[in-house]
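Each chain is listed here by its residues.
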Amino acid sequence: MVVLALAIGVAEQDDFANIPDLQETAQATPPANQDPPPEKRGNKPANSPKGQPPDADGHSSVTDLANSLTGDMVMFSIGYSFQNTTLTVKVLRGQELPAKDFSGTSDPFVKIYLLPDKKHKLETKVKRKNLNPHWNETFLFEGFPYEKVRERTLYLQVLDYDRFSRNDPIGEVSIPLNKVELGQIKTFWKELKPCSDGSDRRVEKKKTVTMKRCLNPVFNESFPFDVPAHVLRETTIIITVMDKDRLSRNDVIGKIYLSWKSGPAEVKHWKDMLARPRT
């Protein structure tokens, strides 16, 4: 099965293309209890021990909860040291991430921001060919007074790494820190939402028939899209080949982007199309 989607204004991938402008503010008094200082300091990744951390209730693991959940999920924890004015963010693992590569898998990694600050970001390592990655990486944000931490929003963006083209966004999670009890480490399982991008607007989607039990399908189908000439430069055609499954979600086999912002071969094809109207 092939899915054709028409989108207006798909943004080029950069560090901030899909990051929402969020700012949550609140005033609060630090709780009396304080957690012990982190082992390492600095606004950089720090090694974390293997295994799962305790959850908010002191249990040894949240694995049972993870096994009961379905869908694209990411697991992380947040804690704050009042003694060292340091926010600790641990990116632990992902679950059932979508396949973004032609091989039917993904190379996921996570970017971490404290919005509204977009200039400083931290990143996990890339987990090659893994839809259930275990990162287990710790990141420290030092020198953050509690009042300023409460004004920040933790934003995690999961992406599929691509060496030769733009990284494909997989999903995002954002948590206003004024809604989190920061006096002790809290562990979260959160469902990934589509990455926010005000310019990425899908206009229309059409599908071919499904060719059953076939690795060399011939579709020979045509689909008209009504697109005004003046918006062609901001238009992208996304062709997605999928494996249909009746009992679970369809698997993505691969994607092609046709626009002014695609790879060299796709751009040439797009220009040839514009140069030969009605052909």
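Relevant structure appears above.
Residues numbered from 1 in each chain as written. Predicted model: local features only at pLDDT ≥ 70, side-chain atom pairs only at ≥ 80, totals over all residues. Heavy atoms only, no water.

Draft legend 1. Broad picture of the pattern of salt bridges. One pass over the full model with this rule turns up two salt bridges. Here Asp 272 ties to Lys 268 by a salt bridge, and the two come within 3.1 Å at their closest N and O atoms. Here Asp 272 pairs with Lys 268, and both are found in helix α3 (residues 264–275), just four residues apart, close to one helical turn. Lys 268 sits in the exposed class, given a relative accessible area of 53%. A residue is classified by how much of its surface remains accessible, and Asp 272, at 28% relative accessible area, is partly exposed. Residues joined by salt bridges that share partners form a network here, namely Lys 268, Asp 272 and Arg 276. (Salt bridge = Lys/Arg side-chain N within 4 Å of Asp/Glu carboxyl O. Helix = DSSP H or I, 4+ residues; strand = E, 2+ residues; numbered from the N terminus. Buried < 20%, exposed > 50% of the residue type's maximum accessible area, 1.4 Å probe, protein only.)

Draft legend 2. Geometry of the side chain of Glu 172. You can see Glu 172 is positioned in strand β9 (residues 168–176). Buried charged residue Glu 172 carries no salt bridge. Nearest counter-charge: Lys 193, at 7.3 Å. At 2.6 Å, the side chain of Glu 172 and the side chain of Tyr 155 are in polar contact. (Lys, Arg positive; Asp, Glu negative; His and termini not counted. Polar contact = N/O pair within 3.5 Å; in protein donor to acceptor, adjacent residues only side chain to side chain.)

Draft legend 3. A positive patch on the surface, seen in detail. Taken together, the side chains of Lys 205, Lys 207, Lys 212, Arg 213, Lys 244 and Arg 246 define a basic patch exposed on the protein surface. The topology assignment puts Lys 205 in strand β11 (residues 201–207). (Patch = residues over 30% accessible without salt bridge, like charges linked within 9 Å, V, L, I, M, F, W, Y side chains within 5 Å. Areas by Shrake-Rupley, 256 points an atom, 1.4 Å probe, with all protein chains shown as cover. Charge placed at Lys NZ, Arg CZ, Asp CG, Glu CD.)

Draft legend 4. Highlighting unusual backbone geometry. In the segment running from Leu 115 into Pro 116, the intervening peptide bond is cis, with an omega of 15°. Mapped onto the elements, Pro 116 comes out in the loop between β5 (108–115) and β6 (117–123). With a phi close to 55°, Glu 96 is a non-glycine residue in the positive phi region. Assignment of secondary structure puts Glu 96 in the loop between β4 (86–95) and β5.

Draft legend 5. Examining the sheet that holds strand β8 (residues 153–160) more closely. With antiparallel pairing, four strands are arranged side by side in an open sheet as β6-β5-β8-β9. Edge positions in the open sheet fall to β6 and β9, since each of these has one partner strand only. Within the sheet, the average angular offset between the axes of one strand and its neighbour, ignoring direction, is 25°. Bridge analysis of β8 against β9 gives eight bridges, and the strand direction is antiparallel. By the bridge assignment for β9, Gln 157 is matched with Glu 172. (Pairing = 2+ DSSP bridges. Axes fitted to C-alpha atoms, helices over the stretch in contact; angles between N-to-C directions.)

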